[in-house]
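The lines below spell out each chain.
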Amino acid sequence: MESKAYNILMYSHDTYGLGHIRRTMAIARNLVGPEVNILIVTGSPIVGRYTMPRGIDFVRIPGMIKKTNVVYVPHSIKVDPKIAISIRTKIISATAKSFKPDLLIVDKVPTGLKGEVLPTLKWMRKHLPCSRVVLGLRDILDDAESTRADWQRKKFPEVLRDLYSEIWVYGAKSMYDPITEYAFPDDIAAKTVFTGYIPRFIPRARKARRKHKQVIVTIGGGGDGYTVLDTYLKMLETNGTVDFKTLMITGPFLSLERLDELADRARALKVQIKPFVRNMEKRMAKSDLVVSMGGYNTMCEILSLKKPALIIPRDNPRQEQLIRAKVFKEQGLCEYIRWDDVSPETMREKINALLEDPTPYTSALETFAMTGLKVMRERLLFFRENC
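Going by what an unreviewed UniProt entry lists, the protein is known as Glycosyltransferase and is assigned to Pseudodesulfovibrio methanolicus.

K.L.:
Teacher, can you tell me more about the packing of aromatic side chains here?
P.N.:
The description of an aromatic ring pair rests on the distance of the ring centres and on the angle between the ring planes. On inspection of all chains with the given rule, the structure shows eight aromatic pairs. Ring plane angle 85° and centroid distance 5.7 Å describe the contact between Tyr 197 and Phe 328, whose orientation is recorded as edge-to-face. Of this pair, Tyr 197 sits in the loop between strand E9 (192–194) and strand E10 (213–218) while Phe 328 sits in helix H12 (residues 320–330), and the two are 131 residues apart along the sequence. There is no split in this pair, since Tyr 197 and Phe 328 are both buried. Judged by centre distance (5.8 Å) and plane angle (55°), the ring pair of Tyr 197 and Phe 368 falls under tilted. Here Tyr 197, found in the loop between E9 and E10, pairs with Phe 368, found in the loop between helix H14 (359–366) and helix H15 (372–385); they are 171 residues apart in sequence, far enough to count as distant.

K.L.:
Looking at this structure, I do not really get the sheet that holds strand E8 (residues 166–170). What am I missing?
P.N.:
Spatially, E3-E2-E1-E6-E7-E8-E9 is the arrangement adopted by the seven strands of the open sheet, whose pairing is parallel. The strands lining the two open edges of the sheet, one partner per strand, are strand E3 (56–60) and E9. Ignoring which end each strand starts from, the neighbouring axes of this sheet average 20° apart. The sheet contact formed by strand E1 (residues 6–12) and strand E2 (residues 36–42) spans seven bridges and is parallel. Following the sheet pairing, Leu 9 is matched in E2 by Leu 39.

K.L.:
What exactly am I supposed to notice about helix H2 (residues 81–99) here?
P.N.:
Two residues of an α-helix separated by three or four positions point the same way, owing to the 3.6 residues in each turn. In a regular helix each residue adds 1.5 Å, so 19 residues correspond to 27 Å; H2 covers 27 Å between its end C-alpha atoms and thus fits that length. Of the residues making up H2, those classed as buried are Ala 84, Ile 85, Arg 88, Thr 89, Ile 92, Ser 93, Thr 95, Ala 96 and Phe 99. One side of H2 carries all its buried residues, which in axial view fall inside an arc of 165°. Exposed residues lying more than 90 degrees from the buried face of H2 are Lys 82, Lys 90 and Ser 98. Those residues of H2 that are buried are in contact with E1, E2, E3, strand E4 (64–66), strand E5 (72–74) and helix H3 (118–127). Its side-chain oxygen placed 2.8 Å from the backbone nitrogen of Lys 82, Asp 80 serves as the N-cap of H2. Count one or two residues on from H2 and you reach Lys 100, which has phi positive near 50°.

K.L.:
Explain a nonpolar patch on the surface to me, please; I cannot follow it from the model alone.
P.N.:
Taken together, the side chains of Ile 77, Val 79, Ile 83 and Ile 87 define a hydrophobic patch exposed on the protein surface, amounting to about 280 Å² of accessible area. Its relative accessible area of 45% is what places Ile 83 among the partly exposed residues.

K.L.:
For this particular structure, what's the right way to read the layout of surface pockets?
P.N.:
By rolling a water-sized probe across the atoms, one finds the places where empty space is left. Approximately 580 Å³ is the volume found for the second largest pocket. Taken together, 26 residues make up the lining of the second largest pocket; nearest its centre are Arg 29, Arg 278, Asn 279, Met 280 and Glu 281. The set of elements that each furnish at least two residues to the lining of the second largest pocket consists of helix H1 (19–31) and helix H10 (280–285). A per-element tally of the lining of the second largest pocket places H1 first, with five residues.

K.L.:
How should the environment of Gly 295 be read in this particular structure?
P.N.:
With respect to the element layout, Gly 295 can be found in the loop between strand E13 (289–292) and helix H11 (296–305). What makes Gly 295 buried here is its relative accessible area of 19%. Distance from Gly 295 to Met 25, taken between C-alpha atoms, is 16 Å for residues 270 residues apart in sequence. Those residues within four positions of Gly 295 in sequence are excluded, and the remaining contacts are Gln 321 and Arg 324.

K.L.:
I would appreciate a short explanation of the sheet that holds strand E11 (residues 244–249) in the present structure.
P.N.:
Pairing between the strands of a sheet comes from backbone hydrogen bonds, and it takes one of two forms, parallel or antiparallel. Spatial strand order, E12-E11-E10-E13-E14-E15: six strands in an open sheet with parallel pairing. Edge positions in the sheet fall to strand E12 (272–274) and strand E15 (335–336), since each has one partner strand and no second. Both strand E14 (residues 309–311) and E15 contribute to a ladder of two bridges, which runs parallel. Considered in E15, the bridge of Ile 311 is made with Tyr 336.

K.L.:
Where do I start with the pairing of strand E6 (residues 103–107) in this structure?
P.N.:
Side-chain positions along a regular strand alternate between the two faces of the sheet. With five of five residues buried, E6 lies mostly within the body of the structure. As paired elements, E1 and E6 share four bridges and run parallel to each other. Across the sheet, the residue bridging to Tyr 11 is Val 106, located in E6. Note: E6 against strand E7 (residues 132–138), five bridges, orientation parallel. When the bridges of E7 are listed, Asp 107 appears paired with Gly 136. Read from E6 through H3 to E7, the crossover connection turns out right-handed.

K.L.:
I would appreciate a short explanation of the pattern of salt bridges in the present structure.
P.N.:
In a structure, side chains of opposite charge can pair up when their charged atoms sit close to one another. Across all of its chains, the model carries 21 salt bridges by this definition. Between Asp 224 and Arg 314 there is a salt bridge; the shortest N-O distance is 2.5 Å. One end of the pair, Asp 224, is in the loop between E10 and helix H8 (226–237); the other, Arg 314, is in the loop between E14 and H12, and 90 residues separate them in sequence. Residue Asp 224 is classed as partly exposed on the basis of its relative accessible area of 34%. A relative accessible area of 17% means that Arg 314 is categorised as buried. The salt bridge involving Glu 237 is made with Arg 265; its shortest N-O contact spans 2.9 Å. With Glu 237 in helix H8 and Arg 265 in helix H9 (residues 256–269), this pair connects stretches of sequence that are 28 residues apart. Taking the relative accessible area as the measure of exposure, Glu 237 reaches 39% and is therefore partly exposed. Classification of Arg 265 by relative accessible area gives buried; the value is 15%. Salt bridges here are not isolated pairs; linked through shared partners, they connect Asp 230, Lys 234, Glu 237, Glu 261 and Arg 265.

Calculation criteria
Residues numbered from 1 in each chain as written. Predicted model: local features only at pLDDT ≥ 70, side-chain atom pairs only at ≥ 80, totals over all residues. Heavy atoms only, no water. Phe/Tyr/Trp six-rings, centres within 6.5 Å; stacked < 30°, edge-to-face > 60°. Helix = DSSP H or I, 4+ residues; strand = E, 2+ residues; numbered from the N terminus. Buried < 20%, exposed > 50% of the residue type's maximum accessible area, 1.4 Å probe, protein only. Pairing = 2+ DSSP bridges. Axes fitted to C-alpha atoms, helices over the stretch in contact; angles between N-to-C directions. Expected span 1.5 Å × (residues − 1). Arc of directions from axis to C-beta. Contact = heavy atoms within 4.5 Å. Polar contact = N/O pair within 3.5 Å; in protein donor to acceptor, adjacent residues only side chain to side chain. Patch = residues over 30% accessible without salt bridge, like charges linked within 9 Å, V, L, I, M, F, W, Y side chains within 5 Å. Areas by Shrake-Rupley, 256 points an atom, 1.4 Å probe, with all protein chains shown as cover. Salt bridge = Lys/Arg side-chain N within 4 Å of Asp/Glu carboxyl O. 1 Å grid on protein atoms, 1.4 Å probe; cavity = no way out; pocket = protein on both sides within 12 Å on 5 of 7 lines; lining within 4 Å. Points joined across faces, edges and corners; volume = space filled by probe spheres on them. Right-handed = clockwise from strand over helix to strand, strands pointing away.

Dropping the structure here:
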């Protein structure tokens, strides 16, 4: 008789953008195994574009779009937001009851979007007492004051105390310590594990002979990064001939009107432009410089590929990207321009300097350790041996 497979259920609310589902997929691909099943519950509208390795599948819940930090509306279906959340809650709960996970990994929000995971957490505590429940947090959530207030208002410490086995922070304590910044109570701090940053498995591109250097410009999902793309094209439009080539990836959520406008301008400048690529890491591997907004996943790709980077971090509605850019800059891992300070002139100055001499950054990148997946595999082994 075959032994029972170890079931991992991963929840990723994915209200907008690519960050949550890309991080979830990176973790899933490295935890799956011959005796490990992984089922992802997600609201991402593009999850079906990703190749699912054997042993991984997904359940799609109705998508939601964040209008503000507190207002969410359905992505496609025309129903009241409360009805959409009710549908999502019931699907999540039914999936857990059928799948009976040995491990549940919840991404970022302890109770899920609008509390939609809370019924599942309570059911698991009662009916699956030996199963583990883990909250996965990116390195930085937001500024300390806002995060502390938000967690206290939503009573997250009580939820973590009563319903979670561990908290995994996908970052390095030496770079940014959420235990201190977000004032974790002592018992919550005691169950917090710093995994380190999550590396990407990237086949090293063969060094091709190129007449020109290559810059890749990427803004993640594309819903909020038009300013970066527009400023970059203005830089080229006002700079005459440049001695580097550009691949611009707009993201699948950029509006069609803006995509058409950028595509016309890019064509005139001989800039290659794409809305979405599955193999972002391979594209980055062939580049000499990355220009981006500095979301968690992009920074992990930059760290994994040891690529010089110019970051233009968004600072609204959250400070997360700006704080991360500052932290990485202090470690000598990237250069950045504040959102309100970016212009064709400042961008050109930084890009030229990075292409001319990237060594101050590549030196720091070469020695940066990426331990995230190793630590998570160790925790998974511990859970399986101590059921």
